[in-house]
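Coordinate inspection notes
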Amino acid sequence: MARIDPGPPPSRGLVVRPLDDGFFVRLSPAPAFNLAMAFAVMVGFGLVGFVIAQVMASAEGSHAPIIGGSILFGGLLYALSAGAAFFPAEVQGEAHSLSWAGERFSWEQIESCVADGSTLELRGHGGRILGTLEHLEPEAATWVAAAVNASLPEPPEPASTEPTPP
């Protein structure tokens, strides 16, 4: 595979390094913190803690620690799930394959790469989605899609259906 140059990379959201036989990109997702969802999770866990305290705790002074512990547990679970979206993702195109956030695909498996706002999708034949990266800078997603699409092998020429002269 020849070196691919889809133009200068954007200044934010990714780090690009050319390789001898392709490219390497580290994308930095930046999801927005959803305060309403965090509040809903903590209220839900608070209600569960309240029910557990009413059913299980006999002493009045033990209700507050049970409810508080449930709220803290719910908040930590939400923080864990939301924090996972901040980890960088790596895309590396080489001579025979594309590594997409830890998954490896041969170039023949890939039909296209599409950037839709802050979402980047790797698509296989028939429109099947092979991988998705979300919460990216839109310019970074567009640049990576262009780099992957430029790296795809040219489709083979269709065979002629005309009979060859003898």
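It should be emphasised that the depicted structure is a prediction, and the values quoted were computed from it without experimental measurement. Every chain is numbered on its own, with residues counted from 1 as its sequence reads. Residues qualify for local features only when their pLDDT is at least 70, as the model is predicted, and side-chain atom pairs are given and counted only at 80 or more; totals for whole chains, interfaces and linings, by contrast, use all residues. Calculation of side-chain values draws on the structure's entire complement of heavy atoms; hydrogens and water are dropped beforehand.

Take the packing of aromatic side chains next. In this scheme Phe, Tyr and Trp rings, the latter by its six-membered ring, pair at centre separations within 6.5 Å, and the angle between planes marks the pair as stacked below 30 degrees, edge-to-face above 60, and tilted otherwise. Going through the model one piece at a time under the given rule, you end up with two aromatic pairs. Seen in terms of ring centroids, phenylalanine 45 and phenylalanine 73 are 5.8 Å apart; in terms of plane orientation they differ by 70°. Their pairing is edge-to-face. Within this pair, whereas phenylalanine 45 is found in helix H1 (residues 35-56), its partner phenylalanine 73 is found in helix H2 (residues 63-83), the two being separated by 28 residues in sequence. We call a residue buried when its accessible area falls under 20% of the maximum for its residue type, exposed when it is over 50%, and partly exposed in between, using a 1.4 Å probe and counting protein chains only. The class for phenylalanine 73 is partly exposed, based on a relative accessible area of 47%. Helix and strand labels come from DSSP, where a helix needs a run of H or I of at least four residues and a strand needs a run of E of at least two; each type is numbered from the N terminus.

In this section: the pattern of salt bridges. In the sections that follow, a salt bridge refers to a side-chain nitrogen of Lys or Arg positioned within 4 Å of a carboxyl oxygen of Asp or Glu. The full count for this structure, using the stated rule, is three salt bridges. The salt bridge involving glutamate 90 is made with arginine 26; its shortest N-O contact spans 2.4 Å. You can see glutamate 90 sitting in strand S3 (residues 89-93) and its partner arginine 26 sitting in strand S2 (residues 22-27), a full 64 residues away along the chain. A relative accessible area of 33% places glutamate 90 in the partly exposed class. As a salt-bridge pair, glutamate 121 and arginine 123 come within 2.7 Å of each other at their nearest N and O atoms. Arginine 123 gets classed as partly exposed once you look at its relative accessible area, which sits at 28%.

Our next topic: the sheet that holds strand S4 (residues 97-100). At least two DSSP bridges between two strands are needed for those strands to be called paired. What the five strands build is an open sheet, ordered S1-S2-S3-S4-S5; its pairing is antiparallel. One side of each edge strand has no neighbouring strand; the edge strands of this open sheet are strand S1 (14-19) and strand S5 (103-106). Taken pair by pair, the neighbouring strands of this sheet meet at an average axis angle of 15°, ignoring direction. Pairing between S3 and S4: three bridges, direction antiparallel. Paired with glutamine 92 across the strands is serine 99, a residue of S4. Here, axes are lines fitted to C-alpha atoms. For helices the fit covers the stretch in contact, and angles between N-to-C directions go from 0 to 180 degrees.

Another point: the side chain of serine 99. By secondary structure assignment, the location of serine 99 is in strand S4. Overall, the relative accessible area of 15% leaves serine 99 in the buried class. Pairs of residues are marked as contacts when any of their non-hydrogen atoms sit within 4.5 Å. In contact with serine 99, other than residues within four places in its own chain, are Glu90, Val91, Gln92 and Arg104.

A separate point is the pairing of S3. Burial along S3 is one-sided: the residues Ala89, Val91 and Gly93 are buried and none of Glu90 and Gln92 is. Bridge count for S2 against S3 is five bridges, and the pairing is antiparallel. Looking at S3, one finds that valine 25 is bridged to valine 91. Hairpin connection of S3 to S4: three residues between the antiparallel strands.

Another aspect to go through is the sheet that holds strand S7 (residues 119-124). Pairing within the open sheet is antiparallel, and its three strands lie in the order S6-S7-S8. Of all strands in the sheet, those with a lone pairing partner are strand S6 (110-116) and strand S8 (129-133), marking the two edges. Sheet twist, expressed as the mean angle between neighbouring strand axes with direction ignored, is 15°. The pairing of S7 with S8 spans four bridges and is antiparallel. Within S8, the position partnered with leucine 122 by the bridge is glycine 131. The strands that helix H3 (residues 138-151) touches are S6 and S7; relative to S6, the one it contacts most, it runs at about 165°.

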